[in-house]
Amino acid sequence: MSTDKSLDEAQAREQLLDLAADFYDQFAEGDVPKMQIPTRTKSNIEYDEDKDVWVYGDRSSTRSAKTVSGAQKLLKATYTIDFLAQQLDENRSSTLRELYYLSESWDLDEAQFNSQDESNNLIEDLEIVSEVKREDFHMRPEESGAKVMGPLLLREQTRRGDREIHCQNDVGQGGYQIPNNPDTIEFLDNEADFVLAVETGGMRDRLVENGFDDDFNCIVVHLGGQPARATRRLIKRMHDELDLPVVVFADGDPWSYRIYGSVAYGSIKSAHLSEYLATPEAKYVGIRPEDIVEYDLPTDPLSDSDINALESELEDPRFQTEFWEEQIELQLDIEKKSEQQSLAARGLDFVTDTYLPERLSEMGVL
């Protein structure tokens, strides 16, 4: 899959139609049509030392017309390819949610999706086998709401033409909203020294209100929980093209560690795009289990699902480093978790005056 830049509409359309033509050729040759896809499970991701990211391994599953369910999946794939090709012809776009509902208008009931998860999974399958990113066939998710605040000047493509935006001077307190396809953004000027990716909106607002982006020449990116692909792509571009260190600031629980993992190494569902989305050099600033102990932070007890998730992460290749093994083992020992906003127990300014400056200095970022 090409990950350097977006394909134009003609290239994307051609690669999608080539996939449909492959189904037809299999029919013509007397073979049962099939589509082979990497198995998207934790046990089938491996570390690519050349690219420094996690990718799918050799295990695969087959969608084959030998079974009724397999035939229906290929039928739905064919209908979806036809829709996407038409969408590209007309230079239009649609959301993943719209695709799910739109399938109800297709003339065969068997081609319609039973749930949005089914249509979402098919789009991911088509990305893998056609080597076309969904952004290139004009599919977009619902708005993630992720925002950027910092000393960065960029040029954005809009329906009314290009416009230049400074991500501090030309935006309100909410910041600059990341578009669905960040590859349409051109970086014009940058005065930032690093990128700070923040999990929660409350902490992002605290940092902006306290002027952290100004005081430390920092681009604050709100991840909005599990970050959308567009957010991860923009972070990677800022690291690669602007040569900016990236640090992730999240809650001190296993689910937030996975947020960091998706930024740094990619996620299981999108391992085929890790080279395009992941920033392996990203570092985790906190909240760490050691912070819970050192700062005596307010905590909640680990739930059974938290414990299971932590134990699972010890087996996750993304977390098999000395740092993460020490932190996870400590958390299992103390049986506590803490939110990043728990730092407010030491005052509203503690996070920007003490915690982040000291930790980022220790990490060599400041």
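About the cut-offs
Residues numbered from 1 in each chain as written. Predicted model: local features only at pLDDT ≥ 70, side-chain atom pairs only at ≥ 80, totals over all residues. Heavy atoms only, no water. Patch = residues over 30% accessible without salt bridge, like charges linked within 9 Å, V, L, I, M, F, W, Y side chains within 5 Å. Areas by Shrake-Rupley, 256 points an atom, 1.4 Å probe, with all protein chains shown as cover. Salt bridge = Lys/Arg side-chain N within 4 Å of Asp/Glu carboxyl O. Lys, Arg positive; Asp, Glu negative; His and termini not counted. Charge placed at Lys NZ, Arg CZ, Asp CG, Glu CD. Helix = DSSP H or I, 4+ residues; strand = E, 2+ residues; numbered from the N terminus. Pairing = 2+ DSSP bridges. Contact = heavy atoms within 4.5 Å. Axes fitted to C-alpha atoms, helices over the stretch in contact; angles between N-to-C directions. pLDDT = per-residue confidence, 0-100. Phe/Tyr/Trp six-rings, centres within 6.5 Å; stacked < 30°, edge-to-face > 60°. Buried < 20%, exposed > 50% of the residue type's maximum accessible area, 1.4 Å probe, protein only. Lys NZ or Arg CZ within 6 Å of the ring centre and 35° of its normal. Expected span 1.5 Å × (residues − 1).

Notes on a negative patch on the surface
At step 1: Residues E14, D18, D22, D25, E29 and D31 make up a contiguous surface patch of negative charge.
At step 2: Its location among the elements puts E14 in helix α1 (residues 9–28).

A look at the sheet that holds strand β13 (residues 218–222)
At step 1: Spatial strand order, β10-β7-β13-β12-β14-β15: six strands in an open sheet with mixed pairing. Strand pairing shows two members of the sheet lacking a second neighbour, β10 (176–177) and β15 (283–286), which therefore form its edges.
At step 2: In the sheet, strand β7 (residues 147–149) pairs with β13 via two bridges, with the strands oriented antiparallel. Directly across from M149, in β13, lies its bridge partner V220.
At step 3: Across the sheet, helix α13 (residues 350–362) lies against β12 (194–198), β14 (246–249) and β15, angled at about 145° from β15, the strand it touches most.

Things to note about the pattern of salt bridges
At step 1: As enumerated under the stated definition, the model contains 19 salt bridges in all.
At step 2: The residue D306 makes a salt bridge to K337 at a minimum N-O spacing of 2.8 Å. In this pair, D306 sits in helix α11 (residues 304–314) while K337 sits in strand β17 (residues 336–337), placing the two residues 31 residues apart along the sequence.
At step 3: The network of salt bridges with common partners includes R288, E290, D291, R359 and E362.

Quick notes on the confidence of the model for the chain
At step 1: Mean pLDDT for the chain: 87, with 96% of residues reaching 70 or above.
At step 2: Throughout residues 1–5 the model reports pLDDT below 50, and contacts reaching past four residues in sequence, or to other chains, amount to 14 contacts.

Description of the packing of aromatic side chains
At step 1: Per the stated rule, a full pass over the model turns up 16 aromatic pairs.
At step 2: Centroid distance Y257 to W324: 5.0 Å. Interplanar angle 55°. Geometry classified as tilted. With Y257 in helix α8 (residues 254–264) and W324 in helix α12 (residues 322–334), the pair connects residues that are 67 residues apart, well separated along the chain. Across this residue pair, the class does not change: Y257 and W324 are buried.
At step 3: One aromatic cluster is present, built from ring pairs that chain together Y257, Y260, Y265, Y284, F319, F323 and W324.
At step 4: Here R237 stacks its cationic end above the ring of F187, 4.6 Å away from the centre of that ring.
At step 5: When the ring centre of F350 is taken as origin, the NZ or CZ atom of R346, which lies over that ring, is 5.5 Å away.

Considering the sheet that holds strand β9 (residues 161–166)
At step 1: A sheet is described by the order of its strands in space; here three strands give the open sequence β9-β8-β11, paired in antiparallel fashion. The sheet is open, and its two borders are formed by β9 and β11 (186–190), each paired with just one other strand. Between one strand axis and the next, the sheet turns by 20° as a mean value, whatever way the strands run.

Regarding the pairing of β12
At step 1: Of all five residues in β12, five are buried; the element is thus mostly enclosed.
At step 2: Burial along β12 is two-sided: the face carrying F194, L196 and V198 and the face carrying V195 and A197 are both buried.
At step 3: Of the pairings in the sheet, the one linking β12 to β13 comprises five bridges and is parallel in character. When the sheet's bridge partners are listed, F194 is paired in β13 with C218.
At step 4: Examined bridge by bridge, β12 and β14 share four bridges and lie parallel to one another. Pairing of L196 across the sheet is with V247, part of β14.

As for helix α5 (residues 201–209)
At step 1: Buried within α5 are the following residues: M203, R204, R206, L207 and V208.
At step 2: Among the structural elements, β7, β12, α6 (212–215), β13, β14 and α13 are those in contact with the buried residues of α5.
At step 3: Taken from the residues just after α5, G211 is the one with a positive phi, measuring 75°.

Details of unusual backbone geometry
At step 1: Following G286, the chain continues to I287 via a peptide bond in cis, the omega torsion being 0°.
At step 2: Inspection of the secondary structure puts I287 in the loop between β15 and α10 (289–294).
At step 3: Look at H138: it is not a glycine, yet its phi comes out positive at around 65°.

Some points on helix α2 (residues 68–89)
At step 1: Taking 1.5 Å as the rise per residue, α2 with 22 residues should run 32 Å; its terminal C-alpha atoms sit 32 Å apart, in good agreement.
At step 2: The positive-phi residue at the C-terminal boundary of α2 is N91, with phi of around 55°.

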